[in-house]
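Chain by chain, the residues:
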Amino acid sequence: MPGRNLTVNRATLRHRVGYALRHPQRVPRHLARATRDAWLRYRSPDHVSYYRAVMRSDTRANPEAAVGSRTHERWLALGALQFDYLAGHGLRPGHRMLEIGCGNLRAGWRFIRHLEPGHYYGVDISPDILHAAQDTIVRMDLQPRLPTLTPVRDLRLDFLPAGHFDVVHAHSVFSHSPLPVIEECLAHVGRVLAPGGWFDFTFNRTEGEEHQVLREDFYYRTETLLALAERHGLSARFMTDWEELPHGQSKIRVTHGQEAGPAGEAG
Ligand SMILES: C[S@@+](CC[C@H](N)C(=O)[O-])C[C@H]1O[C@@H](n2cnc3c(N)ncnc32)[C@H](O)[C@@H]1O
């Protein structure tokens, strides 16, 4: 997306002070989040527990804002963006899809409507957002499509069948994940991916130093994530066509090792 600053390190004091001076109205909200971050970090034994608590707190306030959309119009538009991209890349009704970090089905309801009944499987670490996902199914009259929604403790995916999913999708999940969580997913996703299947995930991209803001937002270099996927026997490529869309994150596509072109090739 044009206008993205890809070299700034948001964790530095210099950046934070500059940002506060430029946007004084955002300081109270950031202070509230920093206070919550400290408290939840103190109470949570690991990142997943921490982020589950963040989602609980955010979902209680507003489920659509909890997945990152400030208005219902933005919620609809962000879901459409994800759906249109995958449909344009060949998502067919007969495909079986796993959505990791499905949230309250911002895009999921569109996938569910498109896929044959029983072909959508959503997982999330947050029971609270999965309850909101059930509300979305009711609101959109999607009960006959029989989607599955399952809470997970981790991303080992060991309760799912091998070679089952043609499309695996994780939007705005790794942007909230430290590297060991991403690695756990990449270490196990190949087992559930069908031959010829693909796994798309978005991430906050930096071309400078990798960094994080609180425990909520993580910024990675593309080559770090490509190398991580390849270390687990997968092929990975940066999706240049996604960059043209109005979204602040970047996208990587992962396939079984022998199936994709060279890493870094445009998709
Ligand atoms: C920003 S929301 C995006 C939700 C959905 N993908 C969308 O685009 O609307 C991130 C979601 O990922 C979930 N999540 C975060 N870390 C996760 C993990 N390690 N495993 C599964 N879900 C995770 C959160 O609970 C939350 O529902």
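These numbers were taken from a predicted model, which means no experiment stands behind them.

(A) Representation of the domain arrangement of the protein chain. Examined at the domain level, the protein chain breaks down into domain 1 (13-43) and domain 2 (46-256). Counting residues at the interface gives 7 residues for domain 1, matched by 9 residues for domain 2. Of the roughly 780 Å² buried between domain 1 and domain 2, counting both surfaces, carbon and sulfur atoms make up 53%. A per-residue breakdown of the area domain 1 buries against domain 2 is headed by Arg36, Asp37 and Leu40, which together make up 56% of the total. Across the pair Glu216 and Arg33 runs a salt bridge whose closest N-O atoms are separated by 2.8 Å. The interface formed by domain 1 and domain 2 includes 7 residue pairs in polar contact (both at pLDDT 80 or more).

(B) Examining the packing of aromatic side chains more closely. Taken as a whole and judged by the stated rule, the model has 8 aromatic pairs. With centroids separated by 6.1 Å and ring planes inclined at 75°, the aromatic side chains of Tyr121 and Phe165 adopt a geometry described as edge-to-face. Of this pair, Tyr121 sits in strand β2 (residues 120-124) while Phe165 sits in strand β4 (residues 165-170), and the two are 44 residues apart along the sequence. Relative accessible area serves as the criterion here: at 2%, Phe165 is assigned to the buried category. Ring centres of Phe174 and Phe199 lie 6.2 Å apart, and the angle between their planes is 90°; this geometry places the pair in the edge-to-face category. Of this pair, Phe174 sits in the loop between β4 and α8 (179-192) while Phe199 sits in strand β5 (residues 193-205); the two residues are 25 residues apart in sequence, bridging distant segments of the chain. Side by side, Phe174 and Phe199 carry an identical accessibility label, which is buried. Through a chain of ring-to-ring contacts, the aromatic side chains of Phe174, Phe199, Phe201 and Phe203 assemble into a single cluster. Across the ring face of Trp242, the terminal group of Lys251 is positioned such that the distance to the ring centre comes to 4.1 Å.

Definitions and limits used
- Residues numbered from 1 in each chain as written.
- Predicted model: local features only at pLDDT ≥ 70, side-chain atom pairs only at ≥ 80, totals over all residues.
- Heavy atoms only, no water.
- Domains from an automatic or database assignment.
- Contact = heavy atoms within 4.5 Å.
- Buried area = accessible area lost by both parts, 1.4 Å probe.
- Salt bridge = Lys/Arg side-chain N within 4 Å of Asp/Glu carboxyl O.
- Polar contact = N/O pair within 3.5 Å; in protein donor to acceptor, adjacent residues only side chain to side chain.
- Phe/Tyr/Trp six-rings, centres within 6.5 Å; stacked < 30°, edge-to-face > 60°.
- Helix = DSSP H or I, 4+ residues; strand = E, 2+ residues; numbered from the N terminus.
- Buried < 20%, exposed > 50% of the residue type's maximum accessible area, 1.4 Å probe, protein only.
- Lys NZ or Arg CZ within 6 Å of the ring centre and 35° of its normal.

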